[in-house]
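Examination of the molecular architecture
Take a look at the letters that make up each chain.
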Amino acid sequence: LILCEANTLLIWSQFMDSFGNDAARAKYEQQVPAFYYRPSHKDCMLLREQWIRAKYERKEFIHVEKQEPYTAGYREGFLWKRGRDNGQYLSRKFILSEREGQLKYFIKNDSREPKAIMKIHSVNACFQPVKIGTAHGLQITYLKDNSTRNIFVYHEDGKEMVDWFNAIRAVRFRYLKGAFPVASVSELLPKLTRNYIKEGYMEKTGPKHTEGFKKRWFSMDDRRLMYFREPLDAYARGEVFIGSEDNSYTVVSGLPQGVQGNHWQFGITILTPDRKFLLACETERDQIAWMSAIQSVIDRPMLPHEYAVEAYFKHKP
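Keep in mind that this is a model prediction, so the values were computed, not measured. (Residues numbered from 1 in each chain as written. Predicted model: local features only at pLDDT ≥ 70, side-chain atom pairs only at ≥ 80, totals over all residues. Heavy atoms only, no water.)

1. Description of the UniProt feature "domain: PH" (unreviewed entry) in the protein chain
For clarity, the cut-off: UniProt positions are given in the numbering used here, feature names are shortened, and annotations may be inferred rather than shown by experiment. Numbering of helices and strands runs from the N terminus; a helix is a DSSP stretch of H or I covering at least four residues, while a strand is a stretch of E covering at least two.
Here the UniProt-annotated "domain: PH" (unreviewed entry) positions come out as residues 72–173 and 195–299. Its end C-alpha atoms 13 Å apart, residues 72–173 is made of 20% helix and 45% strand. Spanning residues 195–299, this segment combines 14% helix with 38% strand, and its end C-alpha atoms are found 19 Å apart.

This is the structure in structure tokens:
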């Protein structure tokens, strides 16, 4: 990985020395598709490396025919997928189809029926190298019966993995353009894929607040705060909808008086119109970070379609 990073930076520095930033950008970014993910310094090394190689080594944004792997609206190939129950990675055939509006995978190459069908309107993809334990690890999520389902995949070839990522973004971009015809490109781009607002361990208790606190892995995905037994679980143990302050959602530090049981010292209470959720963090730093993340969501006014999601959570059995 260090050698790969050094080679990538060498390629980049050679071009910068030859052309300069502005000149290189004008030449090598002539025809970057609107949906193509442009990484920043905060992104994983794989995205940054492949962005540099796509521009300067493969010249994909000068020769548009080289963009076919992620612009065609159809992609088929094999990825290593983590088993839901045993954690073993097995080769699975994946098909992305813009025409069908689906991403699906098959247990065997000659299987007639897919093991899972993911509707493109709910699909998200984000690179998770640390969480998954491989530099090319991609987490794909989708909604099944309005609950989040996780799939963890990787491929040995970094270009292959980033091409899959941008192919998903391309199909979602064209889907969203059809679904929201008056929306601008700048409004659509943040909706193509998203990173989690925050992830990490907290402790939680049950709805009666009398159960013991249990350590769980939490993921903040837009307005869904989900908790899992382990970080790589396929399904969440539970999900909490986080609305806006205008709709009576708040977050405060500490726990109510009289809360029983052993738990981490630094408490967080989330108040919704229906109930309180009691959480605990191991350190004050974690508490501050989680409260900031939750507050950032509460500070945003709810969008029209989010009221339907909130209504589902309220009536969820």
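2. Regarding the layout of surface pockets
Spelled out, the test is: Definitions used throughout: a 1 Å grid over protein atoms alone; a cavity as a set of points that fits a 1.4 Å probe which cannot get out; a pocket as an open set with protein on both sides within 12 Å along at least five of seven lines; a lining residue as one with an atom within 4 Å of a point. Grid points are joined across faces, edges and corners, and a volume is the space filled by probe spheres set on the points. Each residue is assigned to one of three groups, with Ala, Val, Leu, Ile, Met, Phe, Trp, Tyr, Cys and Pro labelled nonpolar, Asp, Glu, Lys and Arg labelled charged, and all others, Gly among them, labelled polar.
Size it by volume and the largest pocket reaches roughly 910 Å³. Listing elements by their share of the lining of the largest pocket, those giving two or more residues are β6 (138–144), α6 (158–179) and α9 (304–315). With four residues, the single largest contributor to the lining of the largest pocket is α9. Of the residues belonging to the lining of the largest pocket, the class tally is 10 nonpolar, seven polar and 10 charged.

3. A word on the sheet that holds strand β2 (residues 89–97)
Here is the rule we go by: Strands were regarded as paired on the criterion that DSSP finds at least two bridges between them. Note on definitions: angles span 0 to 180 degrees between N-to-C directions of axes, and those axes are lines fitted to C-alpha atoms, for helices only across the stretch in contact. Any two residues having at least one pair of non-hydrogen atoms within 4.5 Å are treated as being in contact.
Taken in spatial order, the seven strands line up as β4-β3-β2-β1-β7-β6-β5 in an open sheet, and their pairing is antiparallel. Looking at strand neighbours, the two that pair on one side only are β4 (116–119) and β5 (124–127), the edges of this open sheet. Averaged over neighbouring strand pairs, the angle between their axes works out to 35° when direction is ignored. By the bridge criterion, nine bridges tie strand β1 (residues 74–82) to β2 in an arrangement that is antiparallel. Within the sheet, the bridge partner assigned to Trp-80 lies in β2 and is Ser-91. Along the sheet, α6 contacts β1, β2, β3 (102–106), β5, β6 and β7 (147–154); its crossing angle with β1, the most-contacted strand, is approximately 125°.

4. A short note on helix α8 (residues 284–298)
Short version of the rule: One less than the residue count of a helix, multiplied by 1.5 Å, gives the span that helix is expected to have. In this scheme, a residue with accessible area under 20% of its type's maximum is buried, one over 50% is exposed, and one in between is partly exposed, where area comes from a 1.4 Å probe on protein chains only. Note: the arc covers the axis-to-C-beta directions of the helix.
Taking 1.5 Å of rise per residue, the 15 residues of α8 would be expected to cover 21 Å, and the 21 Å separating its terminal C-alpha atoms lies within 8% of that figure. Gln-287, Trp-290, Met-291, Ala-293, Ile-294, Val-297 and Ile-298 are the residues of α8 that are buried. Here the buried residues of α8 occupy an arc of 160° about the axis, which is enough to place them on one side. Across α8 from its buried face, at more than 90 degrees, point the exposed residues Arg-285 and Ile-288.

5. Re the pattern of salt bridges
In plain terms, the rule: Whenever Lys or Arg places a side-chain nitrogen within 4 Å of a carboxyl oxygen from Asp or Glu, that contact is recorded as a salt bridge.
Scanning the model with the defined rule gives 17 salt bridges in all. The salt bridge involving Arg-58 is made with Glu-60; its shortest N-O contact spans 2.5 Å. Using a relative accessible area of 17% as the deciding quantity, one classes Arg-58 as buried. With relative accessibility at 1%, the residue Glu-60 sits in the buried group. We note a salt bridge from Asp-222 to Arg-300, for which the minimum N-O separation is 2.8 Å. Taken together, the residues Asp-222 in the loop between β9 (214–221) and β10 (224–228) and Arg-300 in the loop between α8 and α9 connect sequence positions 78 residues apart. For Arg-300, a relative accessible area of 31% corresponds to the partly exposed category. Linked by salt bridges that have partners in common, Glu-29, Arg-38 and Lys-55 make up one network.

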